[in-house]
Amino acid sequence: DLYHSVYFTNEICYVNMLFDIKNFSIEELQYAKILGKLFCELDTTNYSYAQIDRLIKQKTGGINTYLSIKTDSSGNDLMHFNIELSALKDNLPFALSLVDDQIKNISYDDKEHIGDLLRQIKSMLQAAVAQAGHEFALQRALATKNYAA
C-alpha cells in the first residue's frame, strides 16, 4: 500500500517505509530489532560503512529504523519494521538509493565490526536500564495490556 500526503515542508521530503512483520516469530522479531540497530552501520557491495555514514550526513537529514507493534481498534496486531528518512527534494532519489542498497546489498562479512557494534548496543542498553530502569519495568508491564478492548 502507498499513502501519500502533501504538506508544505520547504522542499524537505519525509519518507516513512513500513514493512509488515506481523507473521514474524518472537525470535525473528528480536533479530529484526538488531537488524534495525545495524542498518546503515555495515558495508554493502557498493559502499563501506564509513562512506555510508558520510553520505547520510551529506545528502540526508538522517535515516532511522525502529519496530512498531500496535493493536488497532478491531484487536488486530499491527507490526512493522519502519525506515524513516528525510532529504531535500533534489537529494531524495539518492537517499532512497542508499536505503535500497542497505536492503539489497548489505554485507555481514566483517564479523569484528559487527561484534563491536553489538557490544556498543549492549553497553548503551545497560546504561539506559541503569538510568531509567523503572521506565523499562513500566513498558514491560504495559506490554500485556490491551488498550483496543
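Our subject is the structure listed above.
Definitions and cut-offs
- Residues numbered from 1 in each chain as written.
- Predicted model: local features only at pLDDT ≥ 70, side-chain atom pairs only at ≥ 80, totals over all residues.
- Heavy atoms only, no water.
- Helix = DSSP H or I, 4+ residues; strand = E, 2+ residues; numbered from the N terminus.
- Buried < 20%, exposed > 50% of the residue type's maximum accessible area, 1.4 Å probe, protein only.
- Contact = heavy atoms within 4.5 Å.
- Areas by Shrake-Rupley, 256 points an atom, 1.4 Å probe, with all protein chains shown as cover.
- Lys, Arg positive; Asp, Glu negative; His and termini not counted.
- Charge placed at Lys NZ, Arg CZ, Asp CG, Glu CD.

1. Comments concerning the overall build of the protein
1) Next: Helix and strand content of the protein: 4 helices and 3 strands.
2) Next: Reading the secondary structure of the protein in the N-to-C direction produces β-α-α-β-β-α-α.
3) Next: On the principal axes, the C-alpha backbone points of the protein span a range of 45 × 45 × 30 Å.
4) Next: In the protein, which comprises 149 residues, the share counted as buried stands at 28%.
5) Next: A separation threshold of at least 6 residues defines the contact pool for the protein, and within that pool the share at least 24 residues apart is 67%.
6) Next: Total accessible area on the protein is roughly 11,000 Å²; 53% of this is exposed by carbon and sulfur atoms.
7) Next: Taking the 14 positively charged and 19 negatively charged side chains of the protein as two groups, their mean positions are separated by 4 Å.

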